[in-house]
Amino acid sequence: MSGAREKIFLSPPHMSGEEQKYIDSAFASNWIAPLGPNVEQFEQEIANYVGVRGALSLSSGTAAIHLALRLLNIKPGDLVLCSTFTFVASANPILYEGAQPVFIDSEPDTWNMSPIALKRAIVELSKKGKIPKALILVNLYGQNADMDPLLDICKFYNIPIIEDAAESLGATYKGKMSGTFGKYGIYSFNGNKIITTSGGGMLVSDDIEALERARFWATQSRDQARYYQHSQLGFNYRLSNVLAGIGIAQLKVLEDRICARRAVFKRYFEMLSQIDGVKFMPEADFSFSTRWLTALTIEPNSYRNPIKIIEYLEKKNIEARLVWKPLHLQPLFKGIQYYSHTEEESVSERLFNIGVCLPSGSNLTIEDQNYVINCLKECL
Ligand SMILES: *Cc1c(COP(=O)(O)O)cnc(C)c1O
C-alpha cells in the first residue's frame, strides 16, 4: 500500500538554498581550509544571536564539550555531574579526560535536570569530601532546563556549568537564550539538529580569554614560532570555512525553522492528545521550546508499547525513535553513580519505558505528517 512512499525521516537537514552562495564564495576565494572569512562571520553571528561576548566554531558539539572541560581544568579522577537523560555525546568527553561522571535524573515538568536530585547528589558527595568539579547540563529536545534553582545550587557550591544546548539553539528560558546560562555553552550543527553545517559545533562564553585558549588548543596548539613548535597538547577541532558558510545561511532561517517545528508539534498535539494514555512532553511556563523533536509518552498495554509502535511505523517507512536511553543504564557507564529525582522515583527511567519521538523535520509536509498521524492512530 505504502511501498512507493519515500521514507519520512525523524529530523532531516533542511537547506534554504542560500547555502550554495557561501560555499561558492569560499571556493572562489580558495578559502577551503579551516579558518577564513566565513568562520569569523559565523562565530560573530552566533554570538550576536544568543547574546554572548564570544563564540568559537568547532568540528562538532562533542569537541565543544571536550574543550569546555579542559578550560575548567578537569583532571583524571575528578567528578563531573551530567544529565542522565541525553545522548551519549554529552558525557563521552568526561571519559576522554579520565574524569568520572555522576549522572543526575530529570524532573517531570521539563524532562530536564531535577534540581532535587542535583542538590541531593552534591550534598552527599560533599559529605564524602568529593565536591564535583563541573556540571554538564543538557537541554532536551529543544527545551531549556529550569535554570533558576539549578543555578542557585551551583552558585552555592561553586560548581561551574557547561550548558549542552546542542538540541536547543533558539529556545529561551524566561526570555534568555538557551546555552547562555553557564560558564560555557555548546551548540551542535550535526545533520539532524535544527540547523546544520552537515557537521559542526560552537563553544560560546562571555570569557573571551578562555575562548582564545580553546581556539589555540583546537588548532593543534601551535606556538608562535618560525617552526612547528608545540608546548601543549592540541586537537584538530576547527570547523572548515566551507561548512561555516553553510552555517551562516542556515542561521538566517533559524527563526523559520523554529516556527515550522513548533507547528509540527502543534498538529501532532491537536490530532493525538485526546487518545487515551498519550501525553506530550510539557512546555513549562518559563520556557519557549523550539520543539526540535516532538516527544510523547504512550502508556503501554497488551497490544502497544513504544518498541512495537516504532517497528510498526518502520514498516510504513516512517522513522520514529525511542527517547534517549538514560546514560546510567548504558553498558558503557556500568557502575557509575546515579541520583534519581527522588529516592523512590527515577523519572528518566519511566520516560524511557514509555517515550517516543516522532518525525519532526521543519520540512515535513502536512500530507506526510497526516500519514504519520494516521499510521500512529492505527497502532494505538
Ligand atoms: C547532538 C548532540 C550532541 C553532540 O553534538 P555533535 O555535533 O554531534 O558532536 C551533544 N549533546 C546532545 C544533547 C546532542 O543532542
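None of these values were measured; they are calculated from a predicted model. (Residues numbered from 1 in each chain as written. Predicted model: local features only at pLDDT ≥ 70, side-chain atom pairs only at ≥ 80, totals over all residues. Heavy atoms only, no water.)

Enquirer: Can you walk me through the domain arrangement of the protein in this structure?
Expert: Domain assignment breaks the protein into domain 1 (19-253) and domain 2 (255-379). On a C-alpha basis, the centres of domain 1 and domain 2 stand 25 Å from each other. Three residues, Trp111, Tyr141 and Ile194, lead the burial of domain 1 against domain 2; their summed loss comes to 20% of the area buried on that side. Our count for the domain 1 to domain 2 interface comes out at 1 salt bridge. Put simply, Glu343 and Arg120 hold a salt bridge, and the shortest N to O gap is 3.7 Å. Taken together, domain 1 and domain 2 are joined by 28 residue pairs in polar contact (both at pLDDT 80 or more). The set of elements that each furnish at least two residues to the side of domain 1 that touches domain 2 consists of α4 (92-96), β3 (100-104), α5 (115-127) and β6 (172-173). Counting residues per element, the side of domain 1 that touches domain 2 draws most heavily on α5, which supplies 6 residues. When its residues are assigned to classes, the side of domain 1 that touches domain 2 shows 25 nonpolar, 13 polar and 10 charged. (Domains from an automatic or database assignment. Buried area = accessible area lost by both parts, 1.4 Å probe. Salt bridge = Lys/Arg side-chain N within 4 Å of Asp/Glu carboxyl O. Polar contact = N/O pair within 3.5 Å; in protein donor to acceptor, adjacent residues only side chain to side chain. Helix = DSSP H or I, 4+ residues; strand = E, 2+ residues; numbered from the N terminus. Nonpolar A, V, L, I, M, F, W, Y, C, P; charged D, E, K, R; others polar.)

Enquirer: What should I look at first to understand the site of the ligand in this one?
Expert: The local shell around the ligand holds 15 residues, among which Thr62, Asp164, Glu167, Ser188 and Lys193 are the closest. Between the ligand and the protein, one listed contact pairs an oxygen atom with a side-chain N or O atom of Glu167 at 2.6 Å. The side chain of Ser188 places a nitrogen or oxygen atom 2.7 Å from an oxygen atom of the ligand. About the coverage of the ligand: the protein hides 94% of its 380 Å² of free accessible area. Partitioned by chemical class, the residues of the shell around the ligand number 4 nonpolar, 8 polar and 3 charged. (Near = heavy atom within 4 Å. Areas by Shrake-Rupley, 256 points an atom, 1.4 Å probe, with all protein chains shown as cover.)

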